[in-house]
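Commentary on secondary and tertiary structure
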Amino acid sequence: MFRSIRLRIAIPFTLLILGCMLGMEVYLSNFIQSSYEKDLESKLADEAKMIGVVITPLLKADQPDLQSIDQSAKQWSKVLSARVTVIAPDGVVWGESEQDRLQMDNHYNRPEVAEARSAGQGQSIRLSATLNISMMYEAVSLESEGEIIGYVRVALPLSQVEENVRHLQRTVFGTTALATGLALFLAVLIANRTTQPLAKLTKAVEKLAAGELNASPLKAAADETGKLTIAFNSMAARLSTQIDDLQRERGKLAAVLQQMSDGVFIIDSSGIIQLINPAAEKMFGLNSDQAISKSAVQALRQHQAIELWQKCVSSGATEITDFETNHKVQVHGFATPLDPSLPGSILLLFQDLTRQRLIENMRRDFISNVSHELRTPLASLKAITETLQDGALEDREAARKFLNQMEGEIDSLSLMVSELLELSRIESGRVPLQIQPVSPLEIINQAVERLRLQSDRAELNLVIECPDSLPEVEADASRTQQVVVNILHNAIKFTPPGGQVTIGAAQKGRIIEFYVRDTGIGISQDDLPRIFERFYKVDRARSSSGTGLGLAIARHLVEAQGGIIWVDSSLNKGSTFTFTLPVV
Ligand code: ATP
Ligand code: MG
């Protein structure tokens, strides 16, 4: 655009200059030609007069010596490099430098001669009848005692005149062209010099507009553009800082939204989703690319959330509601108008209550489990006491049996209480761990030793898989042994006779994985996630032999030593419990 405007101006401007130059050239050459001709005329006239002075004596004689006159014409012609003709008063040619005078016409009526006859001096430019070329003639009449005694005519071929003029014209034209070229070149150079800072400035502004903010400042020239450049530099610097600040703020906001566990939506006045964070995506099973700039009603597909938003739009105040999303997330939702910063827009915020609900459920379960576990031995104790009161006390034999039973119930009660206490101490981090290098094989061997008898009684094949070369782990030996015993005990308890229980350890990089694999009853997918909870037992009626605390204790002990514990299992095929400990 800018370039085409420049061209539109530059082309006519150059043409104008060239036209002026051409006009000047024509005028100059005309001027040169006419002044040259005038000069030549007077020169030729002077020469003719001079010849006249010299030749007059020859003409004055009664019988003019035509031979000498002709000779003289030829000599003068050589001296002056011009055609010289001497003509008698009656027009007969007496002397001629270029031709045989005898062959020549009478010159009485030649225009220059006729003019010289009447005015003393005549001049004409015409085609020579004798030589058949264009010539410039200058004739003067020679007088003696008031009478014309002849004429002297000097002539130059016009071709030579024209050649001289052309030469002059060429010189003038060349000089003018050179001068014009030089002037144009200088003009372009100066224009470039003055427009260069502006061009640089234009480029910098274009870059700025394209978002390139880190360009180095321009050098300010000492001329008029300098102030503009300085102003531009400070503007660019300020803009860059402001945009940096904005970007930093945006980054902070994005980081907060990204990390927030609450789901956030911003819905504008026309019901279009303008913002959605990852937590909200997860809660409502959305993808921000698909949801942003879409209608909230279409994208959300959750009538409680839409109702919450609409209620807030119509009331203009904060609204609250609780519901479960289509993706099984319990949420506590708030809707708040964002006036006046974003008029008409609504902020929807959803707190995930799933974990809170889970904890509430766990607490409820825990209380009911504890009461359940306590009720059985207590009921049994109550029954024994009643039986004893009802007379069994008198029967010493029966009384001893009942007392033994009571002792057993009290033992299991105190075991449960001590396990619970232990668990709560481990959970609250109040169990001091004596971390030191321990050999994995030693841990496994000692645990197996403790349970060998039980496994033999259960008719199980107990296999150890543990290479001697395993490095030592960083652990509390007795606590780790407790973990292994708890898991191994379960494996023995939940594997029918004839089955196999394998206990082993293997190195995986900087950790050792301990595993206990059995061919037992397995655990269903529904129960797997809850197996490490306190008091959780898959089959309450059948597994009355335990309290459901073994795995909870194991998990807490493993995690307290910086490891993790998990289980892979399939129903009726067997289970594998695995936990990790760091290598020394
Ligand atoms: P406690 O260990 O306190 O004496 P418990 O063995 O019942 O009682 P946990 O060791 O915590 O409790 O185990 C919880 C439940 O997980 C068990 O009741 C059982 O249903 C299931 N379970 C644990 N290990 C196995 C296994 N190897 N095979 C099948 N089920 C298992
Ligand atoms: Mg157990």
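Overview of the structure. (Residues numbered from 1 in each chain as written. Chains lettered and ligands numbered in written order. Predicted model: local features only at pLDDT ≥ 70, side-chain atom pairs only at ≥ 80, totals over all residues. Heavy atoms only, no water.)

**Description of the pairing of strand S17 (residues 574-582)**
Among the 9 residues of S17, 8 are classified as buried, and the element is accordingly described as predominantly covered. With 7 bridges joining them, strand S15 (residues 511-518) and S17 adopt antiparallel strand pairing. Residue pairing across strands places Tyr 515 opposite Thr 578, the latter belonging to S17. Two successive antiparallel strands, strand S16 (residues 565-570) and S17, enclose a turn made up of 3 residues, where Asn 572 displays a positive phi of approximately 65°. (Buried < 20%, exposed > 50% of the residue type's maximum accessible area, 1.4 Å probe, protein only. Helix = DSSP H or I, 4+ residues; strand = E, 2+ residues; numbered from the N terminus. Pairing = 2+ DSSP bridges.)

**What about unusual backbone geometry?**
The linkage connecting Asp 339 with the following residue, Pro 340, adopts the cis geometry, with an omega of -5°. Position of Pro 340 relative to the elements: it lies in the loop between strand S9 (330-337) and strand S10 (346-352). Phi at Ser 81 is positive, roughly 55°, even though this residue is not glycine. Checked against the element boundaries, Ser 81 lands in the loop between helix H2 (66-80) and strand S1 (83-87).

**Here we look at the packing of aromatic side chains**
Taken as a whole and assessed by the stated rule, the structure comprises 8 aromatic pairs. Taking 6.1 Å as the distance between ring centres and 85° as the angle between the ring planes, the aromatic pair formed by Phe 265 and Phe 350 counts as edge-to-face. You can see Phe 265 sitting in strand S6 (residues 263-267) and its partner Phe 350 sitting in strand S10, a full 85 residues away along the chain. Each member of the pair, Phe 265 together with Phe 350, is buried. Between Phe 514 and Phe 579, the ring centres sit 5.0 Å apart and the planes meet at 5°, which makes this aromatic pair stacked. Taken together, the residues span a long stretch of sequence, with Phe 514 in strand S15 and Phe 579 in strand S17 at a distance of 65 residues. We classify Phe 514 as buried; its relative accessible area is 2%. Aromatic ring contacts, followed pair by pair, group Phe 265, Phe 284, Phe 323 and Phe 350 into a single cluster. Over the aromatic face of Phe 366 sits the side chain of Arg 534, whose NZ or CZ is 4.7 Å from the ring centroid. (Phe/Tyr/Trp six-rings, centres within 6.5 Å; stacked < 30°, edge-to-face > 60°. Lys NZ or Arg CZ within 6 Å of the ring centre and 35° of its normal.)

**Observations concerning the environment of Tyr 151**
For Tyr 151, the location among the structural elements is in strand S5 (residues 147-157). Tyr 151 sits in the buried class, given a relative accessible area of 1%. The residues contacting Tyr 151, other than those within four sequence positions of it, are Thr 85, Val 86, Ile 87, Ala 88, Pro 89, Val 113, Ala 116, Arg 117, Val 140 and Ser 141. Engagement of the side chain of Tyr 151 in a polar contact is seen with the side chain of Arg 117, the distance being 3.4 Å. (Contact = heavy atoms within 4.5 Å. Polar contact = N/O pair within 3.5 Å; in protein donor to acceptor, adjacent residues only side chain to side chain.)

**Here we look at the site of ligand 1**
Surrounding ligand 1, one finds 20 residues, the nearest of these being Asn 490, Lys 493, Gly 548, Leu 549 and Leu 551. Note that an oxygen atom of ligand 1 is positioned 2.7 Å from one of the side-chain N or O atoms of Asn 490. In this structure, Asp 518 approaches ligand 1 through a side-chain N or O atom, which is 2.9 Å from a nitrogen atom. For ligand 1, whose unbound accessible area comes to 580 Å², protein coverage reaches 95%. Secondary-structure elements contributing two or more residues to the shell around ligand 1 are helix H13 (477-493), helix H14 (550-560) and S17. The element that contributes the greatest number of residues to the shell around ligand 1 is H13, accounting for 3 residues. (Near = heavy atom within 4 Å. Areas by Shrake-Rupley, 256 points an atom, 1.4 Å probe, with all protein chains shown as cover.)

**What to know about the pairing of strand S4 (residues 134-144)**
For S4, a buried count of 9 out of 11 residues is recorded, marking the element as mostly surrounded by other parts of the structure. Note that strand S3 (residues 121-127) and S4 share 7 bridges and pair antiparallel. When the bridges of S4 are listed, Arg 126 appears paired with Met 135. With antiparallel pairing between neighbouring strands as the criterion, S3 and S4 make up a hairpin whose turn holds 6 residues, including Asn 132 at a positive phi of roughly 60°. In the sheet, S4 pairs with S5 via 10 bridges, with the strands oriented antiparallel.

**Some remarks on the nonpolar core**
Counting residues in each nonpolar core, the largest one holds 49 residues, and the members touching the most others are Ile 487, Leu 488, Phe 514 and Phe 579. Broken down by element, this core gets its largest block of residues, 7 residues, from H13. Within the second largest apolar cluster, 26 residues are counted, among which are Leu 44, Val 152, Val 154 and Val 165. (Core = buried A, V, L, I, M, F, W, Y, C linked by side-chain atoms within 4.5 Å.)

**Here we look at helix H12 (residues 440-457)**
Compared with the 26 Å implied by 1.5 Å per residue over 18 residues, the 26 Å span of H12 between its first and last C-alpha is a close match. Along H12, the sharpest kink reaches roughly 50°, centred on Leu 451. Three or more residues of H12 are buried, namely Pro 440, Ile 443, Ile 444, Ala 447, Val 448, Leu 451 and Ser 455. Taken together, the buried residues of H12 touch strand S11 (436-438), strand S12 (461-465), strand S13 (473-475), H13, strand S14 (500-508) and S15. Of the residues trailing H12, Glu 459 is marked for its positive phi of about 55°. (Expected span 1.5 Å × (residues − 1). Bend = angle between axes of the 7 residues up to and from the residue.)

**Considerations on the sheet that holds strand S2 (residues 93-96)**
Pairing is antiparallel in the open sheet, where 5 strands are placed in the order S2-S1-S5-S4-S3. Edge positions in the sheet fall to S2 and S3, since each of these pairs with one other strand and no more. Going from strand to strand, the sheet's axes swing by 20° on average, the running direction of each strand aside. As defined by bridge partners, S1 adjoins S2 across 3 bridges and the pair is classed as antiparallel. When the sheet's bridge partners are listed, Thr 85 is paired in S2 with Glu 96. The strands touched by H2 are S1 and S2; relative to S2, the strand with the most contacts, the crossing angle is about 35°. Packing of helix H4 (residues 158-209) onto the sheet brings it into contact with S3, S4 and S5, and relative to S5 it is tilted by some 50°. (Axes fitted to C-alpha atoms, helices over the stretch in contact; angles between N-to-C directions.)

Any link to function would need more than the numbers given here.
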